[in-house]
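Inside the fold
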Amino acid sequence: MTISRAAITIAAGFYFPAAILLGGLVVVNSNQRSLAMEQAATLQTLGSKASYAGNTVLETVTFGWYDAASQADADYEGSLALAAESGRRSTLAAWGLAGLTAVFGLLVQVGGRAGTAVAARQAARQFCLASLVFFAVGVAATALSLVASKEVTGLGTVVFNFEAKSIASTIGDLLTSHDLVLGGLVLFFSVIVPLAKAVLVLFATVAHGAARDRSVQVVHAIGKWSMADVFVVAVLLSMLALGRDPATRAATGPGLYFFAGYCLLALWSAAWLPPAPWHR
């Protein structure tokens with residue numbers, strides 16, 4: 001079975017707007033969930049807990065006229081509810097994007113097997129563009145959440161620290177904290193190198209002659225470093241997760257999975273570039 005170039009072009013016209021919309025929903029909702037969790041964590045800090053205990057006493061002796069404790073309970077429950085709903089929407093959008101990409105990728109794969117140079121170029125181009133959607137989501141969405149908490153007698157669970165990081169926010173924090181070496185390395189391997197790969201692949205699908213041949217050679221030459229970007233991100237996030245006390249709990253977010261998905265799509269896109277010049 002073969003799929004025509006026109007059919008893949010039409011499918012791409014439907015896929016990319018939908019993928020961008022779903023990717024945006026993943027980013028917005030995952031970050032909204034992180035903000036809601038941060039608000040909930042703020043209400044569970046030692047200072048907030050101590051204040052809550054005092055407000056509970058005042059609310060009791062004033063027979064509910066002073067309702068700061070009840071308001072704090074409502075704010076906490078509201079934050080948890082918002083976090084749960086945002087997480088649900090983010091998960092649905094993420095699965096939707098993954099499923100849509102799987103179907104589109106299958107169409108492109110079948111179309112690329114037509115055996116012509118034009119079909120191979122189209123497959124490389126479409127996989128590369130799809131990888132950029134995953135890349136944007138992977139960089140902007142929450143990649144890791146950390147919460148440090150402990151049971152304190154009389155106060156219950158007390159949160160000492162909460163952090164939710166995306167790759168983009170991690171780079172920004174490293175650079176603004178003057179950790180230029182680590183921040184520069186993460187920026188280089190997780191942003192600059194992926195974008196450079198994408199530009200080279202896209203250029204190779206439209207260029208001709210020596211320029212095309214040279215871009216193909218460069219893409220294949222840097223292919224051995226294709227997983228260096230996700231490796232650097234994984235190491236960084238592991239450092240953030242493991243360099244804490246035993247009371248710290250870490251949870252991965254959609255950003256990490258979509259960044260890994262970008263790497264796989266980018267590798268497959270480059271695989272459609274032959275080592276020798278294409279011939280029509």
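Look up a bit, the structure's there.
In what follows, the accompanying structure is described. (Residues numbered from 1 in each chain as written. Predicted model: local features only at pLDDT ≥ 70, side-chain atom pairs only at ≥ 80, totals over all residues. Heavy atoms only, no water.)

Observations concerning the overall build of the protein chain
Tallying secondary structure elements over the protein chain gives nine helices and three strands in all. Across the protein chain, helices and strands are ordered from the amino to the carboxyl terminus as α-α-α-α-β-β-α-α-α-α-β-α. Expressed as a percentage of its 280 residues, the buried residues of the protein chain come to 41%. Considering only contacts within the protein chain whose residues lie at least 6 apart along the sequence, 76% involve residues at least 24 apart. (Helix = DSSP H or I, 4+ residues; strand = E, 2+ residues; numbered from the N terminus. Buried < 20%, exposed > 50% of the residue type's maximum accessible area, 1.4 Å probe, protein only. Contact = heavy atoms within 4.5 Å.)

Notes on the sheet that holds strand β3 (residues 248-252)
Taken in spatial order, the three strands line up as β2-β1-β3 in an open sheet, and their pairing is antiparallel. This sheet does not close on itself; its edge strands, each paired only once, are β2 (156-166) and β3. Between one strand axis and the next, the sheet turns through 20 degrees on average, direction left out of account. Where helix α5 (residues 167-176) meets the sheet, its contacts fall on β1 (142-152) and β2, and the angle it forms with β2 comes to roughly 95 degrees. In this fold helix α9 (residues 254-271) packs onto β1 and β3, with an angle of close to 150 degrees to the strand it touches most, β1. (Pairing = 2+ DSSP bridges. Axes fitted to C-alpha atoms, helices over the stretch in contact; angles between N-to-C directions.)

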